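# Structure at a glance
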Amino acid sequence: MTATGTGPSPETLTDEEKLSWLQLARSENVGAVTFHKLIERFSSADAALEALPELSQRGGAGRPPHICPRAKADAEWERAHRLGCRFVASAEATFPRALRWAEGAPPLLAVRGRMDVLQKTSVSIVGSRNASITGLQMARALAAGIADHGNSVTSGLARGIDAEAHRASLGSGTIAVMAGGLDRPYPPQNIPLLEELVDAGAAVSEMPFGWEPRARDFPRRNRIIAGIGLGLVVVEAAKKSGSLISARLAGELGRLVFAVPGSPLDPRARGTNDLIKDGAILTTGAADVLNALEPLAGGSQGELAFVAPRTPAREPSPPATGVAEADRSRIVEALGPAPVEIDEIMRYTNLPLSEVYLVLLELDLAGRLERHPGGLVSVPAAS
């Protein structure tokens, strides 16, 4: 198996293969980017799991990595199925299409509800939890207009703008992205809305079942919201808000960012007005969104169909004989706290790209590497 989160050819994984993916994804220091690099390098999750201890040791880890026990993965799998949920892997055709091509796509999503809604072209709508009446009306009109053209609407089930966008698109299917496990919905007051939306839509999460959402989990959720949609619409947002984080993440993923203007006197409009100053598309109705997305999607306004970007190049195969210690030291010494491109490391060390990738993977699994948007890497100052 060679498909990754950005692979060109979706596959169908067996339950056993997906269980191995779940086990690998829940293992220590295996983030989304690292997971896909491991699959790319070793072709299967089982082979990657077997290689983890040696890779981590070569990266300088002071102890063996914690590998998720198979029994723990089995227990989560059984818990999901008891609750009527399923797992979809990023290598599968049932994974949200736009998200599959996003950098750092989650290896697995737990899904509750209809799988087919994940295949619709989606537009994400986010905004203030303490929304104004006008903001709620705008969110309702935008979501309804987008849904009327056969698209899904993705949001985060939060109070205010998120909840209103979900309600307005219930009939055509709406996607709620959760910050915690699917069995730990938040906020509690929106549980009735969640129960209603899974009839025609879906709730998804990358987090383990039983996981209570924490503050640092919401940016991860916001990245999935941004990745599922071809575009992201911000209705109301204060100067410092999670919605602006979502807008930044959407921009990093190459999505179109839309913003609804508001009164300069309303603090809830300062963030959206600033987004417009910074180049977001000024939006006053669903037609603004649909018209802007039409050429990006490659279909008619009434039938937006996702067109994937050019297939990214595969990573070089690992060197058969490994990396010499002197060369490994040169690569590590080339890294510092300032993020750099991997190609720069290759040019600086004059070493093959395959060796650079392997050493970075080792450092990552040892917990000594930091990855940044755009494929940049660094090491903490103390390393």
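Heads up: these notes are all about the structure in this document. (Residues numbered from 1 in each chain as written. Predicted model: local features only at pLDDT ≥ 70, side-chain atom pairs only at ≥ 80, totals over all residues. Heavy atoms only, no water.)

## A few points about the pattern of salt bridges
Applying the stated criterion to the full structure yields 25 salt bridges. When the shortest N-O distance is used, the salt bridge between E76 and R26 registers 2.8 Å. Placement of the pair is E76 in helix α4 (residues 70-82) and R26 in the loop between α1 (15-25) and α2 (32-42), with a sequence separation of 50 residues. On the basis of relative accessibility, which here comes to 10%, the residue E76 falls in the buried class. Take R26: its relative accessible area is 24%, and that puts it in the partly exposed class. Residue E28 pairs with R63 through a salt bridge whose shortest N-O separation is 2.5 Å. Linking E28 in the loop between α1 and α2 with R63 in the loop between α3 (45-58) and α4, this pair joins segments that are 35 residues apart in sequence. Residue E28 is classed as partly exposed on the basis of its relative accessible area of 24%. (Salt bridge = Lys/Arg side-chain N within 4 Å of Asp/Glu carboxyl O. Helix = DSSP H or I, 4+ residues; strand = E, 2+ residues; numbered from the N terminus. Buried < 20%, exposed > 50% of the residue type's maximum accessible area, 1.4 Å probe, protein only.)

## Describing empty space enclosed by the protein
Within this structure, the stated rule accounts for three cavities of 30 Å³ or more. Empty space within the largest cavity amounts to approximately 70 Å³. In this structure, the largest cavity is lined by eleven residues; those nearest its centre are A98, K120, T121, S122 and I228. Of the residues belonging to the lining of the largest cavity, the class tally is six nonpolar, three polar and two charged. (1 Å grid on protein atoms, 1.4 Å probe; cavity = no way out; pocket = protein on both sides within 12 Å on 5 of 7 lines; lining within 4 Å. Points joined across faces, edges and corners; volume = space filled by probe spheres on them. Nonpolar A, V, L, I, M, F, W, Y, C, P; charged D, E, K, R; others polar.)

## Quick word on the packing of aromatic side chains
In this structure the tally under the stated criterion is four aromatic pairs. Aromatic side chains F87 and F209 sit 6.1 Å apart centroid to centroid with 80° between the ring planes, which places their arrangement in the edge-to-face category. In this pair, F87 is assigned in strand β1 (residues 85-89) and F209 in the loop between β6 (202-205) and α9 (217-228), connecting sequence segments 122 residues apart. Each member of the pair, F87 as well as F209, is classed as buried. Consider the rings of Y186 and F218, whose centres lie 6.1 Å apart with planes at 65°: the pair is edge-to-face. Of this pair, Y186 sits in the loop between β5 (174-177) and α8 (191-197) while F218 sits in helix α9, and the two are 32 residues apart along the sequence. Of the residues examined, Y186 reaches a relative accessible area of 46% and is grouped as partly exposed. With relative accessibility at 18%, the residue F218 sits in the buried group. One aromatic cluster in this structure is built from W77, F87 and F209. (Phe/Tyr/Trp six-rings, centres within 6.5 Å; stacked < 30°, edge-to-face > 60°.)

## Thoughts on the pairing of strand β2 (residues 108-113)
As paired strands, β1 and β2 are joined by five bridges and run antiparallel to one another. Counted as the bridge partner of V88 is L109 from β2. The pairing of β2 with β6 spans four bridges and is classified as antiparallel. Residue pairing for β6: A110 is matched across the bridge by S205. (Pairing = 2+ DSSP bridges.)

## What to know about the nonpolar core
Formed by 56 residues in total, the largest nonpolar core has its most connected members in W21, L24, L38, L335 and L360. Element by element, the count of residues in this core is highest for helix α15 (residues 353-365), at eight residues. The contact partners of L24, leaving out residues within four places of it in the chain, are V30, F35, L38, I39, A45, A48, L49 and L52. Ranked by size, the runner-up nonpolar core spans 30 residues in total, among them F95, V126, I175 and V257. (Core = buried A, V, L, I, M, F, W, Y, C linked by side-chain atoms within 4.5 Å. Contact = heavy atoms within 4.5 Å.)

## Points about the packing of α1 against α4
Two elements in contact, α1 and α4, have axes whose closest approach is 9 Å; the angle formed by their N-to-C orientations is 115°. Here α1 is positioned roughly perpendicular relative to α4, judged by the angle of their axes. Of the two possible hands of crossing, α1 and α4 adopt the one that is right-handed. In this structure, α1 uses D15, E16, K18, L19, S20, L22 and Q23 to contact α4, whose residues at the interface are R70, A73, D74, E76 and W77. (Axes fitted to C-alpha atoms, helices over the stretch in contact; angles between N-to-C directions. Parallel < 35°, antiparallel > 145°, perpendicular 65-115°, else oblique. Left-handed = near helix turned anticlockwise from the far one by under 90°.)

## A closer look at the side chain of T272
Within the secondary structure, T272 is located in helix α11 (residues 270-277). When its relative accessible area of 0% is taken as the criterion, T272 is described as buried. Not counting residues up to four positions away in its chain, the partners in contact with T272 are V234, V235, E236, A237, A259 and V260.

## So, α3
The first and last C-alpha atoms of α3 sit 20 Å apart over 14 residues, in line with the 20 Å expected at 1.5 Å per residue. Of all the bends in α3, the greatest, near 45°, is centred on A51, and the proline P53 appears no more than four residues after it. Turning to α3, its buried residues are A45, A48, L49, A51, L52, L55 and S56. Where α3 is buried, its residues contact α1, α2 and α15. Where α3 terminates, the next one or two residues include G60, which has phi positive at roughly 100°. (Expected span 1.5 Å × (residues − 1). Bend = angle between axes of the 7 residues up to and from the residue.)

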